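This is what each chain is made of:
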Amino acid sequence: SREQSVKIYLDLPLEYARPLIWVQPMDGSTIYADQYPFNIRVGINNYNLYSKVDFYVKDSAGASEWIGYSEIKGEQVSVEIADLVVGIYKMYGILSTKNGQTVKSEVVNVKVQN
């Protein structure tokens, strides 16, 4: 028996390589408690390929929590965060395509402070 790995690099256009673009918050942002409810906004490249996006946060212990979702009907979507405790989080989105596949977005790091 034998195993071999092959890396394949595709020079995809940006709209396919990064289907979700973070508008708010951006990587390294701080969210303050007095900003709640906080509105997460993202841009969706080729939005006609996707049906919805689910939003998640991962805390510093590695536990993920679902924030909410938004149906995709245009180039931008948003969802509100009602409350997060003080801490450092990684936020990401999971896009669902119209044919049932999922695509995970890039992660943004955010800090929540009082």
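Residues numbered from 1 in each chain as written. Predicted model: local features only at pLDDT ≥ 70, side-chain atom pairs only at ≥ 80, totals over all residues. Heavy atoms only, no water.

### Observations concerning the pattern of salt bridges
The criterion, for reference: Salt bridges are defined by distance alone: a side-chain nitrogen of Lys or Arg within 4 Å of a carboxyl oxygen of Asp or Glu. Under the DSSP-based scheme used, a helix requires at least four consecutive residues in state H or I and a strand at least two consecutive residues in state E, with every element numbered from the N terminus.
This model, assessed by the stated rule, comprises three salt bridges. With a shortest N-O distance of 3.0 Å, Arg-18 and Glu-106 are connected by a salt bridge. Taken together, the positions of Arg-18 in the loop between helix H1 (14–17) and strand E1 (20–24) and Glu-106 in the loop between strand E8 (102–104) and strand E9 (108–113) put the pair 88 residues apart, joining distant regions of the chain. Across the pair Asp-54 and Lys-52 runs a salt bridge, and its minimum N-O distance is 3.1 Å.

### Structural notes on the environment of Thr-30
The test is simple: Note on definitions: a residue-residue contact is assigned when non-hydrogen atoms from the two residues lie within 4.5 Å.
With respect to the element layout, Thr-30 can be found in strand E2 (residues 29–32). Taking the C-alpha atoms as reference points, Thr-30 and Val-112, separated by 82 residues in sequence, lie 5.8 Å from one another. Contacts of Thr-30, omitting those with residues within four sequence positions, involve Gln-35, Lys-111 and Gln-113.

### Observations regarding the nonpolar core
Going by this rule: Throughout this description, the term nonpolar core refers to a set of buried Ala, Val, Leu, Ile, Met, Phe, Trp, Tyr and Cys residues connected via side-chain atoms within 4.5 Å. Each residue's exposure class comes from its accessible area (1.4 Å probe, protein chains only) as a fraction of the maximum for that residue type: buried when under 20%, exposed when over 50%, partly exposed otherwise.
Residues Trp-22, Ile-40, Val-42, Ile-44, Phe-55, Leu-84 and Met-91 are the most contacted members of the largest nonpolar core, which totals 23 residues. Looking at this core, the elements with two or more residues in it are E1, strand E3 (38–44), strand E4 (50–58), strand E6 (76–81), strand E7 (87–97) and E9. Once residues lying within four places of it in the same chain are set aside, the contact partners of Ile-44 are Pro-19, Leu-20, Tyr-50, Ile-72, Gly-74, Glu-75, Val-77 and Leu-95.

### Topic: the confidence of the model for the protein chain
Convention followed: Every residue gets a pLDDT, meaning the predictor's confidence in that residue, from 0 to 100.
Per-residue pLDDT for the protein chain has a mean of 91; in total, 93% of the residues score no lower than 70. Here H1 stands out as the least confident element of the protein chain, with mean pLDDT 64; E4 is the most confident, with 97.

### Focus on the packing of aromatic side chains
Condition: Planes of paired rings set the category: under 30 degrees apart is stacked, over 60 is edge-to-face and the rest tilted, where pairs are Phe, Tyr or Trp rings (Trp by its six-membered ring) whose centres lie within 6.5 Å. Our definition puts a charge over a ring when NZ of Lys or CZ of Arg is within 6 Å of the ring centre and also within 35 degrees of the ring normal.
Summed over all chains, the structure comprises three aromatic pairs. Ring centres of Trp-66 and Tyr-69 lie 6.5 Å apart, and the angle between their planes is 20°; on these two criteria the pair is classed as stacked. For Tyr-69, a relative accessible area of 43% puts it in the partly exposed group. Note that Lys-52 overlies the ring of Tyr-69, its terminal NZ or CZ placed 5.5 Å from the centroid. Between the NZ or CZ atom of Lys-104 and the centre of the ring of Tyr-92, over which it lies, the distance is 4.5 Å.

### Regarding the side chain of Thr-97
What counts, and what does not: N or O atoms within 3.5 Å of each other form a polar contact, as long as, within protein, one can give a hydrogen and the other can take it, and as long as residues adjacent in sequence are counted only when both atoms are side-chain atoms.
Residue position: Thr-97 is located in strand E7. The buried category is assigned to Thr-97, whose relative accessible area is 14%. Among the polar contacts listed, one links the side chain of Thr-97 to the side chain of Asn-99, at a separation of 2.5 Å. Not counting chain neighbours up to four residues away, the residues in contact with Thr-97 comprise Leu-49, Tyr-50 and Ser-51.

### What about the sheet that holds E1?
This is how the line gets drawn: We call two strands paired when DSSP finds no fewer than two bridges between them. Where helices are involved, their axes are fitted lines through C-alpha atoms of the stretch in contact, as for all axes, and angles between N-to-C directions lie from 0 to 180°.
Strand order in the open sheet made by the three strands is E1-E3-E6, with antiparallel pairing throughout. The open sheet has two free edges, formed respectively by E1 and E6, since each of these has just one partner strand. Sheet twist, expressed as the mean angle between neighbouring strand axes with direction ignored, is 30°. Strand direction decides the pairing type here: E1 and E3, joined by four bridges, are antiparallel. The residue bridging Leu-20 from the neighbouring strand is Ile-44, located in E3.

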